[in-house]
Amino acid sequence: QVQLVESGGQMVQSGGSLKLSCAASGRTSMNYALGWFRQAPGKEREFVAVIGTFTSYSDSVMGRFTISRDNAKNTVYLHMNSLKPEDTAVYYCAASLKAYYSGNAYFAGDYDYWGQGTQVTVSE
């Protein structure tokens, strides 16, 4: 089992920056792909970024968001720049053992463990 706890979400003005953190605990000695997803009201949960043996981003955040991880701290980060109102959502951290090896990491069903989410609100 892996437990994930997100933090760092808050309200920010359009064009601003935020850094989200996701601290992992439990069986963190195994290799996991760590991903960020987001879900806006009335919309499906969507892929944002993933880091494993590779990194990948959705088209909507490419060039604005950066995912990184600190293995010593068992923490993954999402650095978000040039934020837009359409980035407003609850952001979730997720972990997947199989995605680390397969590279299939773009759908919520690819992940085994989820955090509770952190709210990001971008105002005009």
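Placed above this text is the structure.
A few points on the structure. Since this is a predicted model, take the numbers as computed values, not measurements.

Regarding unusual backbone geometry
Peptide bonds are, in most cases, trans, and in most cases residues other than glycine have a negative phi.
Argument step 1. A positive phi angle is found at N74, which is not glycine, with a value near 50 degrees.
Argument step 2. On the secondary structure map, N74 appears in the loop between β7 (65-70) and β8 (75-80).
Argument step 3. Located in the positive-phi region is S82, a residue other than glycine, with phi close to 50 degrees.
Argument step 4. Tracing the sequence through the fold places S82 in the loop between β8 and β9 (89-96).

With respect to the pairing of strand β4 (residues 33-39)
Argument step 1. Counting buried positions along β4 gives six out of seven residues, so the element sits mostly inside the fold.
Argument step 2. With seven bridges connecting them, β4 and β9 associate as antiparallel partners. Opposite Q39, over in β9, you have V90 as the bridge partner.
Argument step 3. The sheet contact formed by β4 and strand β5 (residues 46-51) spans five bridges and is antiparallel. For W36, the partnering residue across the bridge sits in β5 and is A49.
Argument step 4. Hairpin connection from β4 to β5: six residues lie between these consecutive antiparallel strands, with G42 at a positive phi of about 80 degrees.

As for the sheet that holds strand β3 (residues 18-26)
Argument step 1. Read across the sheet, four strands follow the order β1-β3-β8-β7 without closing on themselves; strand pairing throughout is antiparallel. Strands at the two margins of the open sheet, each flanked by one partner only, are β1 (2-7) and β7. Across the sheet, the mean angle separating the axes of adjacent strands is 20 degrees when strand polarity is ignored.
Argument step 2. Two strands pair when backbone bridges link them, and β3 and β8 are joined in this way by six bridges, in the antiparallel orientation. In the sheet register, S21 faces β8, and the bridge partner there is Y77.

Some details on the state of the cysteines
What makes a disulfide is a covalent bond joining the sulfur atoms belonging to two cysteines.
Argument step 1. Following the criterion strictly, the structure yields one disulfide and no others.
Argument step 2. The side chain of C22 participates in a disulfide bridge whose partner is C93; the two sulfur atoms lie 2.1 Å from each other. When the S-S torsion is -80 degrees, as for the bridge of C22 with C93, the disulfide is left-handed. Taken as a pair, C22 in strand β3 and C93 in strand β9 lie far apart in primary sequence, 71 residues in all. Per residue, the accessibility class of C22 equals that of C93, and both read buried.

Thoughts on the packing of aromatic side chains
Argument step 1. The tally for this structure, following the rule as stated, stands at eight aromatic pairs.
Argument step 2. When the ring of F37 is compared with that of Y111, the centres are 5.1 Å apart and the planes differ by 80 degrees; the resulting orientation is edge-to-face. Taken together, the positions of F37 in strand β4 and Y111 in the loop between α1 (97-102) and β10 (113-114) put the pair 74 residues apart, joining distant regions of the chain. The exposure classification of F37 matches that of Y111, with both residues buried.

Topic: the pattern of salt bridges
Argument step 1. Inspection of the entire model under this criterion finds four salt bridges.
Argument step 2. Two residues, E46 and R38, come together in a salt bridge whose shortest N-O distance is 2.6 Å.
Argument step 3. On the basis of relative accessibility, which here comes to 35%, the residue E46 falls in the partly exposed class.
Argument step 4. Residue D87 is joined to R38 by a salt bridge in which the shortest nitrogen-to-oxygen separation is 2.9 Å. Placement of the pair is D87 in the loop between β8 and β9 and R38 in strand β4, with a sequence separation of 49 residues. Just as D87 is buried, R38 falls in that class too.

Scoring rules and cut-offs
Residues numbered from 1 in each chain as written. Predicted model: local features only at pLDDT ≥ 70, side-chain atom pairs only at ≥ 80, totals over all residues. Heavy atoms only, no water. Helix = DSSP H or I, 4+ residues; strand = E, 2+ residues; numbered from the N terminus. Buried < 20%, exposed > 50% of the residue type's maximum accessible area, 1.4 Å probe, protein only. Pairing = 2+ DSSP bridges. Axes fitted to C-alpha atoms, helices over the stretch in contact; angles between N-to-C directions. Disulfide = S-S within 2.5 Å. Phe/Tyr/Trp six-rings, centres within 6.5 Å; stacked < 30°, edge-to-face > 60°. Salt bridge = Lys/Arg side-chain N within 4 Å of Asp/Glu carboxyl O.

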